[in-house]
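Descriptive structure summary
In case you want the letters, here they are:
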Amino acid sequence: MKKEENIIVGISIGDLNGIGGEIVLKTFEDPRILEFCTPVIFASVKVMSFLKGHFKMDINFNGINHINQIVIGKINVINVWKENVSINFGKEDFKIGAYAIKSLAAATSALKDGAIDVLVTAPINKHNIQSEDFKFPGHTDYLAQQLEGDSLMFMITDFLKVGLLTDHVPVSEIANHITPELIESKINTVYKSLQQDFQISKPKIAVLGINPHTGDNGVIGVEDDTVLRPTLAKIKESGKLVFGPYAADSFFGSNNYKNFDAIIASYHDQGLIPFKTLSFGEGVNYTAGLNKVRTSPDHGTAFEIAGKGIANEESFKEALFAGIQIFKHRLEYEELVKRV
């Protein structure tokens with residue numbers, strides 16, 4: 001791995017008709033960012049120059065055609081394509097979706113090869129990225145296939161970390177997906193991530209119930225009693241500080257979440273609604289459990305404000321710094337493990 005001061009952060013540009021390009025440019029318009037990392041934007045110089053002009057930004061790029069041409073301390077833009085691209089802010093366009101995937105694929109390849117240290121992904125549109133060559137519901141599933149490890153959607157801030165047992169699964173299928181094997185795997189992934197990525201030596205984890213009121217002793221479903229509780233009891237026997245299941249409706253409102261290092265929700269909205277309510281604009285979507293570091297802002301393409309110059313870059317900036325910090329923590333963790 002590279003020295004900490006030369007951390008190279010690759011950025012996939014996301015949907016060019018959304019706010020991705022704007023929040024990337026606003027982030028790197030501050031030259032102090034280059035004291036922390038060397039960015040590599042996977043797009044094209046033509047596209048980034050157009051965006052720079054549209055948003056009237058004072059920013060300079062180092063255009064490159066190959067990953068080995070990266071210049072440390074500069075904002076590098078690698079030409080993943082060279083043709084002109086027609087950008088229509090706020091419009092869903094399958095051609096633009098194809099460019100988003102070109103950017104993601106090139107950045108992921110560089111991540112796998114070790115040419116970049118961290119990947120930060122700008123938002124994509126989950127509909128217009130679908131094609132014969134790309135049939136994934138989003139970044140996380142694609143990266144899970146491309147990289148090594150067991151992926152987990154981990155929404156993080158300094159004060160709140162929420163993982164999911166199931167992520168992009170229809171509500172009607174959630175209970176069928178939650179098995180003892182899945183529960184054990186996801187808890188182990190969160191536990192290891194808290195140790196190696198966030199330097200928490202003895203993590204304390206809360207797990208939310210599957211059904212309302214965790215089933216009310218079988219009155220509102222049996223899955224909490226037949227699947228979740230026995231599995232958590234088994235995990236506790238291994239020495240992990242895992243607690244629950246807790247009724248999700250009162251868990252966050254009562255501030256109980258403040259007593260734990262991480263919370264594991266049973267499904268997407270159960271975890272992400274309170275997370276985004278408590279931390280919107282500051283949250284980061286981190287793909288834990290993989291052998292490489294990938295982060296993303298906690299919002300989507302925001303077509304309704306795209307191109308207007310009013311998008312807030314704070315979540316993207318948080319994602320950038322979270323990726324850098326996690327990469328550093330992993331370096332330190334590896335050194336610690338070597339000494340033991």
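The paragraphs below set out a description of the structure included in this document. These figures come from a predicted structure and were not determined experimentally.

Aromatic rings considered in pairs are described by the distance between their centres and by the relative angle of their planes. Taken as a whole and judged by the stated rule, the model has 15 aromatic pairs. Ring geometry for Phe 243 and Phe 260: centres 6.1 Å apart, planes at 55°, overall tilted. Here the residue Phe 243 occupies a position in strand β9 (residues 241-246), and Phe 260 occupies one in the loop between α8 (248-251) and β10 (262-265), the gap between them amounting to 17 residues. In this structure Phe 243 comes out as partly exposed when scored by relative accessible area, which is 28%. By the ring-pair criterion, three or more aromatic residues cluster together here, those being Phe 243, Tyr 246, Phe 251, Phe 252, Tyr 257 and Phe 260. Residue placement shows Lys 204 over the ring face of Phe 243; its charged tip is 5.7 Å from the ring centre. Of note, Lys 240 hangs over the ring of Tyr 191, and the distance from its end group to the ring centre comes to 5.0 Å.

This brings us to the environment of Leu 164. Secondary-structure assignment places Leu 164 in strand β7 (residues 161-164). Put simply, Leu 164 and Gly 218 are 54 residues apart on the chain and 23 Å apart in space, counted from C-alpha to C-alpha. Among all residues touching Leu 164, those that are not within four sequence positions of it are Leu 152, Met 153, Lys 186, Ile 264, Ala 265, Tyr 267, His 268, Gly 271 and Leu 272.

Before going further, it helps to spend a moment on the sheet that holds β7. Read across the sheet, twelve strands follow the order β3-β4-β2-β1-β5-β12-β11-β6-β7-β10-β8-β9 without closing on themselves; strand pairing throughout is mixed. Bordering the open sheet on either side are β3 (62-64) and β9, each of which pairs with just one other strand. The sheet shows a mean angle of 25° between the axes of neighbouring strands, taken without regard to direction. Two strands pair when backbone bridges link them, and β3 and strand β4 (residues 76-79) are joined in this way by three bridges, in the parallel orientation.

How each quantity is defined
Residues numbered from 1 in each chain as written. Predicted model: local features only at pLDDT ≥ 70, side-chain atom pairs only at ≥ 80, totals over all residues. Heavy atoms only, no water. Phe/Tyr/Trp six-rings, centres within 6.5 Å; stacked < 30°, edge-to-face > 60°. Helix = DSSP H or I, 4+ residues; strand = E, 2+ residues; numbered from the N terminus. Buried < 20%, exposed > 50% of the residue type's maximum accessible area, 1.4 Å probe, protein only. Lys NZ or Arg CZ within 6 Å of the ring centre and 35° of its normal. Contact = heavy atoms within 4.5 Å. Pairing = 2+ DSSP bridges. Axes fitted to C-alpha atoms, helices over the stretch in contact; angles between N-to-C directions.

Interpretation note: all reported values are geometric properties and have no functional meaning in isolation.
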